[in-house]
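Per-entry structural report
If you want the building blocks of each chain, they are given just below.
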Amino acid sequence: MFIKQVKEQLGKMSEAEKEEWILAQAKLLEENEQQSFLMSLSGEKKVIYMPSQGEIEELCEKVDHGDIYLEYETHYYEFDDDGRYMDDWKVWHNDPFQAMDFLNRVFRGCHDLLLLNEYKTVVDILDRVCKLEFKVIESPDSEDFEDDSPFTLVNAAEEGMLSMSISDIGKDWVAAYVKLADRWDSPELAKRLVEIFNQPICKKLNPSMLIGEEIPNDLFLHMFEILNVQILEAESHFNNLFSKTVFTHDKYLYENKLKRQKEILLNIQMKCIDEIQKKSQQNGSVLAASWKQIGELLDALKFEQYIDDQWEIEEIRNICNALLKTGKLGQEDWELRKKILSDIILHGYYNDYGCYDPMVDLSNELCVKADEFLAFADIMDGSGYYKKEAAHLYHKYGRDDKYVSYLETHLGKESETYVALINYYKEHDNFDGACRVAEQALEKCKDDLTDAFIYLLVDAEKREDKDKYKKLYSSAKRRRLADINRIDQALSDLKSGSYA
């Protein structure tokens, strides 16, 4: 709308009026802005505040030759800025040549160039700038010098030196290539995109961001094939280099690089290539193929330092939901279903991976028959962590002996277990057992004692044991954990014949 209005206004202006307006704007410029304005006016620049391509190349050459560098500075501090005892070192990097201010204008300018459809310029600039590595020297004021490793844009982002996030810079880089898709054939574009996604600045980006863009139909397949070859070669090279190495920094870096390649491959396989998933499911069990995919996604999550909102988690949820919607899980081979249930329980419903809810939903649908639920209960019981859940399944599907055994061996401080066991014995006319458990609750339970008192008082009333009734009622009134109002209501219901 704004651009339309500008065009309409320009159409109304004479050439002299346009020239007068340009001159008026030029007169208002600061001296340091005048050269950029002239370059923009002549077409040498599209974005006034942005350095020219010549200036960018000059900076990059100086960085490559070590003429522009960063300084490593560290100092010991006994107390932090708030006066709290610290007893530690602070480390930061100085930027004596204001290189990061320069690059910030470059990155913001590239973002604006995308809006102007200057995709080739953005590709040329970001291809050059995003891979820069700065030499690091010791600051004259530093108390120590421990790290002279190259300083990258990722390091700059971690120290808050960039005004744009590295993810946004990476998105602009990828977007520029995608907009130029017709300049290369699919294999060449795939090769270039794979290289970009492997760059540290794009470590949080994945090919699935390209879904919905105008790209060649076979782009993802070519990326998939390229990565498969790269991973096989990298694994072979890794084994040759580090098979006898316990740990080195080089091994750590190589492992991270290989992990990133596998993550990109998995993202393409799971999110971008429907044909691969459909084919794998057509060739056999849908559940087996889907669980294999889930396993690959979980393997990728193992290496994440923090579990937050990774795309793998969402994809696992989607796969689980798709399985549930089939309504046919009960028709899958029981041995396969049982193995999956064992995996889920062994890994605590994969709660550490942010997948607890979908795993619970899936496990609830993997059993159909009573003997299958009982087998699931055995799995949970054997794990040592889900005995309570197992007990409820035993009770529901006819193994009361195991249900009662669980309750009897878990009479501790909470009232829930006592109440469940009292009710079970009541329902099965084992009144002596119910009394024993209720009395045990009064001795050991540190939770709500109301139900235990009600049962014992009702039982004493029915047996016409007035002395026991009197002692129990007196004790109930004194006990902080007993609700005397609810007890009185239950006794009143007993006398009126409405007590169940």
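Just so it is clear, the model here is predicted, and its values are computed rather than measured.

1. Thoughts on the sheet that holds strand β2 (residues 85-94)
- Read across the open sheet, the 3 strands follow the order β2-β1-β3; overall the sheet is mixed. Both outer strands of the open sheet, β2 and β3 (135-138), are each paired with one neighbouring strand and no more. Sheet twist, expressed as the average angle between the axes of neighbouring strands with direction ignored, equals 30°.
- The sheet contact formed by strand β1 (residues 69-79) and β2 spans 8 bridges and is antiparallel. Along β2, the bridge assignment pairs H75 with K90.

2. Observations regarding the packing of aromatic side chains
- On inspection of all chains with the given rule, the structure shows 16 aromatic pairs.
- When the centroid spacing of 5.9 Å and the interplanar angle of 70° are considered together, the rings of F79 and Y85 count as edge-to-face.
- Linked through ring pairs, F238, F242 and Y254 together constitute an aromatic cluster.
- Here the basic side chain of K90 rests over the ring of Y77, its NZ or CZ set 4.9 Å away from the ring centre.

3. Regarding helix α6 (residues 119-129)
- Turning to α6, its buried residues are Y119, T121, V122, V123, I125, L126 and V129.
- For α6, the elements touching its buried residues are α4 (53-65), α5 (99-115), α7 (153-158) and α8 (166-179).

4. Let's talk about the nonpolar core
- Ranked by internal contacts, the top residues of the largest apolar core, which has 76 residues, are I316, Y349 and M359.
- The element that contributes the greatest number of residues to this core is helix α22 (residues 450-463), accounting for 8 residues.
- Residue contacts for I316: discarding those within four places in its chain leaves I294, L297, L298, L301, C355 and M359.
- With 72 residues, the next largest nonpolar core counts L113, I125, L153 and M223 among its residues.

5. Here's the deal with the environment of Y177
- Locating Y177 in the fold gives a position in helix α8.
- In this structure Y177 comes out as buried when scored by relative accessible area, which is 4%.
- Sequence separation of Y177 and D148 is 29 residues, and the distance between their C-alpha atoms is 34 Å.
- Excluding residues within four positions of it along the chain, Y177 makes contact with V123, D127, W184, L189, R192, L193 and I196.

6. Some points on the domain arrangement of the protein
- Each domain of the protein was delimited in the assignment, giving domain 1 (47-183) and domain 2 (411-496).
- If you average the C-alpha positions of domain 1 and of domain 2, the two centres end up 72 Å apart.

7. What to know about the side chain of D172
- Here D172 is to be found in helix α8.
- Lacking a salt bridge, the buried D172 has K171 as its closest oppositely charged neighbour, with an N-O distance of 8.6 Å.

8. What to know about unusual backbone geometry
- In this structure, N117 is a non-glycine residue whose phi angle is positive, near 65°.
- In this structure, N117 sits in the loop between α5 and α6.
- Positive phi, close to 50°, is recorded for Y350, a residue that is not glycine.
- Here Y350 lies in the loop between α15 (334-346) and α16 (356-365).
- Relative accessible area serves as the criterion here: at 7%, Y350 is assigned to the buried category.

What counts, and where the lines are drawn
Residues numbered from 1 in each chain as written. Predicted model: local features only at pLDDT ≥ 70, side-chain atom pairs only at ≥ 80, totals over all residues. Heavy atoms only, no water. Pairing = 2+ DSSP bridges. Helix = DSSP H or I, 4+ residues; strand = E, 2+ residues; numbered from the N terminus. Axes fitted to C-alpha atoms, helices over the stretch in contact; angles between N-to-C directions. Phe/Tyr/Trp six-rings, centres within 6.5 Å; stacked < 30°, edge-to-face > 60°. Lys NZ or Arg CZ within 6 Å of the ring centre and 35° of its normal. Buried < 20%, exposed > 50% of the residue type's maximum accessible area, 1.4 Å probe, protein only. Contact = heavy atoms within 4.5 Å. Core = buried A, V, L, I, M, F, W, Y, C linked by side-chain atoms within 4.5 Å. Domains from an automatic or database assignment. Lys, Arg positive; Asp, Glu negative; His and termini not counted. Salt bridge = Lys/Arg side-chain N within 4 Å of Asp/Glu carboxyl O.

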